[in-house]
Amino acid sequence: MEFAELIKTATVESVLLSGAGLPPVRGTLCITSHHLLLSSRPGGDGAPGTVELWLLIRNVDAVEKRLAGSSGTITLRCKDLKVLQLEIPGMEECLNVASSIEALSSVDSVMMMYPFFYRPQDLRLEAGWHLFPLEQYYQQIATQTSQWRLSGVNRDFAACPTYPPAVIVPAAVDDEALRKAARFRQGGRFPVLSYYHQKNGTVMLRSSQPLTGPNRKRCREDELLLGTVLDEGERGFIIDTRSAQAAKQARMTGGGTEPKSSYPRWKRLHRPLERGRPLQESFIKLVDACNDTSLTMDRWLSRLESCRWLSHVKAALSTACLAAQCLDREEACVLVHGAEGTDTTLLVTALAQLILDPGCRTLAGFQGLLEREWIEAGHPFHLRCARSAYSHARLKQEAPLFLLFLDCVWQLGRQFPFSLEFGERLLLTLFDNAYASSYGTFLGNNEKERCLCKVKESTHSLWAWLNQPEEKRKYLNPLYSRNALVIWPSVEPQSIQLWQGLFFRWIRSSKYLDEAWAEIQRLVENDDTSVEESAGNRRSQSLSDTAAQTENER
């Protein structure tokens, strides 16, 4: 397929661009393979035009057109929740532009997406892809205990197509047993280590549901795997992110739960979390309510409640707190799974680590957490983030699980403003890049797909860009002070707030808030500089005194 075949009209003059909070501007609209550009007309002195719009077409979620006489208006609703309007002279040009944008934004082939064509001058292609190897994470655990090993059982993705090539498993379980356990779990996602709690040596594992089925099938290797995790006399908890009823229904179609008779030392706890269509519809309803400026207070509160988004945030945080409590206070090991083990499972394991581990609350630690628990762990970003809140297409497998995670992280940052090294801007950037990006970090659904498409060899890493000194500075929290304690968030309804920085980002200006944060950052940096200069002066004075004393002694 050639991109040129999808572009019916490449350039249109005298197009008027407008959007919430933006002054209308007229200029030339250009459509390229991956971008929509609008350059304002140059001044009378022949100066070049100013680029007023540089929109990645992959970011377009819905295209709406309205014709009136000999012209038309195209409304672009973007995946980052921005809404733009283009007034285009000429009916045919309007229809052609709309058709071109729809066709280009619907290209679904991973290797045809912009990251495979993006080549910034100041980044090396290989940079950022190997910053957080699992081997490094395993070495940290190996210094604490010898009960775990790094297994290459999945090096060819034969055991589990959605796991990475290397996984951390009990040292007492060999690879052949792992292969048999994989055949007993949906999609081959056998229990693997997600987190080692250094405080007491407990661990959190994750997997998919067991394939017990209506005949209550058993797998000795799976039972052995989970049995070796627990020391003699210990008990563990299985946190199932489905309701008891949903788990029971799954058994009738080949899935199920771990029977108590086969796993006597594991206690099952059901904490249902929504995924799939209900979560996507909740997201759509919330965004629709946020964009409706005609609402009265009563109507706004009613719609906020009926969309149930904040209830999903509360449920996710509550379940993560339960997992963290089992590990830290009950001193018990935990296995987390739902059905497939690629959505709500990862939501819980990632949030629990953020609550427990101060290392995950640093900028580098948080990036490593995202690599381990979302990207390498097989969250299907390509499927879940195919559409955002505006799409008119029939829902398939879209669901904002990753956005829900980012919202929960924002709640943690709001309740503990000194404990996260990064701020809201990083979370917004991650949201934007998960849905449409110039970088390959969130491409594909799992490591196997990324290997087949040669993503790491052919695209740039988002982490390489974020970790450039000038960029990195933008994402740091100037109020950060390392907190070695567990941060237990309040999940009371009054404590869960709407993430206005995301949902009202394009509706209400954040200029004054941004300026306030910039001033805080400036003051903190000046204070740090003053401290360093003072320390430097003290060191210089000390050296001078020492030199003088030595001279006198001579």
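Only a predicted model underlies this, so the values are computations on that prediction, with no experimental measurement involved.

Engineer: Sorry if this is basic, but what is going on with the environment of Arg329 here?
Structural biologist: Secondary-structure assignment places Arg329 in the loop between helix H8 (309–328) and strand E14 (333–337). The spatial distance from the C-alpha of Arg329 to the C-alpha of Asn200 is 9.6 Å, given a sequence separation of 129 residues. Once residues within four sequence positions are removed from consideration, Arg329 is found in contact with Ala324 and Trp488.

Engineer: Looking at this structure, how should I read helix H12 (residues 401–415)?
Structural biologist: Each α-helix turn comprises 3.6 residues. Residues three or four places apart therefore point the same way. Between its first and last C-alpha, H12 extends 21 Å over 15 residues, near the 21 Å set by a 1.5 Å rise per residue. The buried fraction of H12 amounts to 12 of the 15 residues, a majority that puts the element mostly inside the structure. If you check which residues of H12 are buried, you get Leu401, Phe402, Leu403, Leu404, Phe405, Leu406, Asp407, Cys408, Val409, Trp410, Gln411 and Leu412.

Engineer: What exactly am I supposed to notice about the pattern of salt bridges here?
Structural biologist: Pairs may arise between side chains of opposite charge once their charged atoms sit close together. Enumeration over the complete set of coordinates arrives at 23 salt bridges. Close ionic contact of Arg149 with Asp175 constitutes a salt bridge, the shortest N to O distance being 2.7 Å. Taken as a pair, Arg149 in strand E8 (residues 148–151) and Asp175 in helix H3 (residues 175–183) lie far apart in primary sequence, 26 residues in all. Of the charged contacts, one joins Asp328 and Lys199 as a salt bridge, the two residues approaching to 3.2 Å between their closest N and O atoms. In this pair, Asp328 sits in helix H8 while Lys199 sits in the loop between strand E10 (192–197) and strand E11 (202–206), placing the two residues 129 residues apart along the sequence.

Engineer: Is there a simple way to think about empty space enclosed by the protein in this case?
Structural biologist: In this approach the atoms are scanned with a rolling probe the size of a water molecule, which exposes any empty space left behind. In total, this model carries five cavities of 30 Å³ or more according to the counting rule given. Considering only enclosed or pocket space, the largest cavity measures out at about 280 Å³ in volume. Forming the walls of the largest cavity are 25 residues, and the residues nearest its centre are Arg58, Met113, Tyr435, Ala436 and Leu443. Among the elements of the structure, helix H11 (381–384) and helix H13 (424–435) are those that each provide at least two residues to the lining of the largest cavity. The element that contributes the greatest number of residues to the lining of the largest cavity is H13, accounting for three residues. A class-by-class count of the residues in the lining of the largest cavity yields 18 nonpolar, six polar and one charged. Here the second largest cavity defines a volume of roughly 130 Å³. Taken together, 14 residues line the second largest cavity, and the ones lying closest to its centre are Leu134, Pro164, Leu193, Arg206 and Arg372. Top element by residues in the lining of the second largest cavity is E10. It accounts for three residues.

Engineer: What is the right way to look at the UniProt feature "domain: Myotubularin phosphatase" (unreviewed entry) in the protein chain in this model?
Structural biologist: Those places that UniProt annotates as "domain: Myotubularin phosphatase" (unreviewed entry) correspond, in this numbering, to residues 128–503. The span residues 128–503 carries 44% helix and 9% strand; its end-to-end C-alpha distance comes to 30 Å.

Engineer: I would appreciate a short explanation of the sheet that holds E11 in the present structure.
Structural biologist: One key point about sheets: their strands pair by backbone hydrogen bonds, in either a parallel or an antiparallel sense. With mixed pairing, five strands are arranged side by side in an open sheet as E10-E11-E14-E12-E13. What marks the edges here is a single partner per strand, and that holds for E10 and strand E13 (266–270). Adjacent strand axes in the sheet meet at a mean angle of 20° when their direction is disregarded. Here five bridges tie strand E12 (residues 236–240) to E13, and the two strands are oriented parallel to one another. The residue bridging Ile238 from the neighbouring strand is Arg268, located in E13. The sheet contacts of helix H9 (residues 344–356) involve E10, E11 and E14, and relative to E11 the element is tilted by about 155°.

Engineer: Even after reading the chapter, I still don't get the sheet that holds strand E7 (residues 83–89), so can you show me in this structure?
Structural biologist: A sheet is described by the order of its strands in space; here seven strands give the open sequence E4-E3-E2-E1-E7-E6-E5, paired in antiparallel fashion. The sheet terminates laterally at strand E4 (51–56) and strand E5 (60–68), the two strands that pair on one side only. Each adjacent strand pair in this sheet contributes to an overall mean axis angle of 30°, direction not counted. As paired strands, strand E1 (residues 11–19) and strand E2 (residues 22–31) are joined by six bridges and run antiparallel to one another. Bridge pairing in E2 places Leu17 opposite Val25. Taken strand by strand, helix H1 (residues 91–105) contacts E1, E2, strand E3 (35–40), E5, strand E6 (71–78) and E7, and its axis lies near 170° from that of E5.

Engineer: Explain unusual backbone geometry to me, please; I cannot follow it from the model alone.
Structural biologist: The phi angle of most residues is negative, glycine excepted, and most peptide bonds adopt the trans form. Of note in this structure, Ser14 is not a glycine but carries a positive phi near 55°. Looking at the secondary structure, you find Ser14 in strand E1. Residue class for Ser14 comes out buried when judged on its relative accessible area of 19%. The phi angle at Phe157 is positive, at roughly 60°, despite the residue not being glycine.

Engineer: Any chance you could explain a nonpolar patch on the surface here in plain terms?
Structural biologist: The grouping of Leu67, Met91 and Leu95 at the surface amounts to a nonpolar patch, some 230 Å² of accessible area in total. Secondary-structure assignment places Leu67 in strand E5. For Leu67, a relative accessible area of 38% translates into the label partly exposed.

Engineer: In this structure, what is going on with the side chain of Glu258? I would like to understand it.
Structural biologist: Relative to the assigned elements, Glu258 resides in the loop between helix H5 (244–252) and E13. Its relative accessible area of 3% is what places Glu258 among the buried residues. One polar contact links Glu258 to His337, side chain to side chain, over a distance of 2.9 Å. Not counting the four nearest positions on each side in its chain, Glu258 is found in contact with Arg185, Pro210, Ile238, Tyr263, Arg268, Leu335 and His337.

Engineer: Explanation requested: the pairing of E2 in the structure shown.
Structural biologist: Successive side chains on a regular strand alternate, one facing one side of the sheet and the next facing the other. Where E1 folds back onto E2 in an antiparallel hairpin, the turn is made up of two residues, including Gly21, whose phi is positive at roughly 80°. Hairpin connection of E2 to E3: three residues between the antiparallel strands.

Engineer: Mind showing me how you'd approach the packing of aromatic side chains here?
Structural biologist: Ring pairs (aromatic) are described by centroid distance and by the angle formed between their planes. Under the criterion given, the structure shown has 19 aromatic pairs. When the ring of Phe283 is compared with that of Trp309, the centres are 6.0 Å apart and the planes differ by 40°; the resulting orientation is tilted. Placement of the pair is Phe283 in helix H6 (residues 277–291) and Trp309 in helix H8, with a sequence separation of 26 residues. Taking relative accessible area as the criterion, Trp309 reaches 0% and is therefore assigned buried. Aromatic rings pair up to connect Phe366, Trp374, Phe381, Phe402, Phe405, Phe422, Phe442 and Trp463 into one cluster. In this structure, Arg329 packs its charged tip against the face of Trp488, placed 4.4 Å from the ring centre.

Reading the values: rules and limits
Residues numbered from 1 in each chain as written. Predicted model: local features only at pLDDT ≥ 70, side-chain atom pairs only at ≥ 80, totals over all residues. Heavy atoms only, no water. Helix = DSSP H or I, 4+ residues; strand = E, 2+ residues; numbered from the N terminus. Contact = heavy atoms within 4.5 Å. Expected span 1.5 Å × (residues − 1). Buried < 20%, exposed > 50% of the residue type's maximum accessible area, 1.4 Å probe, protein only. Salt bridge = Lys/Arg side-chain N within 4 Å of Asp/Glu carboxyl O. 1 Å grid on protein atoms, 1.4 Å probe; cavity = no way out; pocket = protein on both sides within 12 Å on 5 of 7 lines; lining within 4 Å. Points joined across faces, edges and corners; volume = space filled by probe spheres on them. Nonpolar A, V, L, I, M, F, W, Y, C, P; charged D, E, K, R; others polar. UniProt positions renumbered as here; feature names shortened; annotations may be inferred. Pairing = 2+ DSSP bridges. Axes fitted to C-alpha atoms, helices over the stretch in contact; angles between N-to-C directions. Patch = residues over 30% accessible without salt bridge, like charges linked within 9 Å, V, L, I, M, F, W, Y side chains within 5 Å. Areas by Shrake-Rupley, 256 points an atom, 1.4 Å probe, with all protein chains shown as cover. Polar contact = N/O pair within 3.5 Å; in protein donor to acceptor, adjacent residues only side chain to side chain. Phe/Tyr/Trp six-rings, centres within 6.5 Å; stacked < 30°, edge-to-face > 60°. Lys NZ or Arg CZ within 6 Å of the ring centre and 35° of its normal.

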